[in-house]
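If you want the building blocks of each chain, they are given just below.
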Amino acid sequence: MFKTRITELLGIRYPLLQGGMAWITGWEMAAAVSNAGGLGTIASATMEAEELMSNIAQVREATGNPFAVNIPLRLPSSKKAMEIALQEEVPVIVSSAGDPALYAEKIRRRGIKVFQVVFSLNMVKRCNEVGVDGIIAMGIEGGGNVSPSELSTFVLVREVVEATDLPVVAAGGIADARGLVAALALGAEGVQMGTRLLATKEATLHGDYKHAIIRAKDTDTVVTGRTTGLQFRVLNNNLAKEILKMEKEGKGREEIDALTIGSLKKAAVAGDLEWGSLMMGQIAGMIHEIPSIQEIFDDMITGSIREIQRLQKYTEQRY
Ligand SMILES: Cc1cc2nc3c(=O)[nH]c(=O)nc-3n(C[C@H](O)[C@H](O)[C@H](O)COP(=O)(O)O)c2cc1C
């Protein structure tokens with residue numbers, strides 16, 4: 001039993017959310033996560049309208065539990081994705097990479113829960129004003145698109161919790177019971193994970209990508225795109241090295257885009273370990289096996305109870 005405002009609000013057993021991950025998290029993974037007691041998420045970023053509709057229909061067949069659709073607002077496809085998610089009345093919409101004011105009220109009027117991903121305090125003020133249901137605070141440790149502000153999860157979650165009365169979910173660098181307890185100690189009421197859930201039996205990405213996560217050490221990821229404004233934390237492979245070299249040489253966005261467009265698909269679908277973009281977070285260095293999602297969740301929950309008991313010892317009076 002694990003009860004926070006997040007589990008109550010979302011109607012889930014565990015305060016564990018799966019981050020939307022483009023090219024990877026369709027209905028299969030979302031259903032596996034929701035069936036395991038967390039909140040599974042369909043990533044709409046690279047889906048055509050038909051594909052998104054069919055993913056929503058299939059996740060509904062595969063689980064009776066709540067699920068989310070992730071919509072990165074800066075993408076041109078987001079308007080259509082939002083239209084579909086609203087029309088289908090999905091249980092939860094997680095908007096990222098954009099201003100929640102655009103849709104928050106519309107979403108809530110449909111009785112859909114809306115969570116916004118934030119990278120810094122600026123966006124928290126916006127969330128408070130427009131009225132979202134919850135905030136996902138993601139730090140620079142995380143995999144995929146990361147913040148230009150480069151705030152760490154430790155600092156960001158703490159300050160976001162101070163700046164809002166809304167329930168906060170911590171993301172970036174969380175993969176086990178100790179990570180969950182640390183997030184709760186900072187004031188978060190749930191966690192969102194990406195990298196940890198990629199190295200699982202159910203994850204629908206190329207097996208070689210999963211093994212690259214297992215092999216990665218703590219220092220094996222880098223952030224590319226600091227000069228172009230589109231930052232991604234990825235494995236430091238040939239592609240990442242080439243992007244960083246081009247950035248150093250002052251090459252522009254167009255030239256770099258020519259190299260990177262389609263590169264996540266190359267990694268996730270074709271398993272190209274050197275010229276695909278292997279998005280993953282720093283926590284990959286702590287991931288050493290490929291269990292099932294249910295095993296991860298059960299370990300995190302039972303482990304967190306043990307961790308909380310261990311911490312209590314620090315405050316026991318000894319006479
Ligand atoms: C391969 C990959 C793809 C991602 N794609 C998206 C996306 O489409 N939309 C989004 O909001 N976040 C995306 N993210 C971020 C995740 O949803 C999540 O917040 C992040 O992975 C958490 O950090 P962690 O990897 O340390 O667990 C992606 C992350 C990864 C690793």
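Now for a quick tour of the structure.

About the thresholds
Residues numbered from 1 in each chain as written. Predicted model: local features only at pLDDT ≥ 70, side-chain atom pairs only at ≥ 80, totals over all residues. Heavy atoms only, no water. Pairing = 2+ DSSP bridges. Helix = DSSP H or I, 4+ residues; strand = E, 2+ residues; numbered from the N terminus. Contact = heavy atoms within 4.5 Å. Axes fitted to C-alpha atoms, helices over the stretch in contact; angles between N-to-C directions. Buried < 20%, exposed > 50% of the residue type's maximum accessible area, 1.4 Å probe, protein only. Right-handed = clockwise from strand over helix to strand, strands pointing away. Polar contact = N/O pair within 3.5 Å; in protein donor to acceptor, adjacent residues only side chain to side chain.

With antiparallel pairing, 3 strands are arranged side by side in an open sheet as β7-β11-β10. Whereas interior strands pair on both sides, the edge strands pair on one side only; in this sheet they are β7 (144-145) and β10 (221-224). As paired strands, β10 and strand β11 (residues 232-235) are joined by 4 bridges and run antiparallel to one another. Across the sheet, V223 pairs through a bridge with R233, a residue of β11. Against the sheet, helix α11 (residues 238-248) makes contact with β10 and β11, and its axis sits at roughly 40° relative to β10, the strand it touches most.

This paragraph deals with the pairing of strand β3 (residues 67-72). Where burial is concerned, most of β3 is hidden: 6 out of the 6 residues are buried. Of the two faces of β3, the one lined by F67, V69 and I71 and the one lined by A68, N70 and P72 are each fully buried. Note: strand β2 (residues 40-43) against β3, 4 bridges, orientation parallel. Directly across from T41, in β3, lies its bridge partner A68. Between the parallel elements β2 and β3, the chain passes through helix α3 (residues 49-62) in a crossover that is right-handed.

As a further point, take the side chain of T7. Within the element layout of this structure, T7 appears in helix α1 (residues 5-10). Within the structure, T7 has its side chain in polar contact with the backbone nitrogen of T4 (distance 2.8 Å). Apart from residues no more than four positions distant in its own chain, T7 is found in contact with F2, I12, R13, Y14 and P15.

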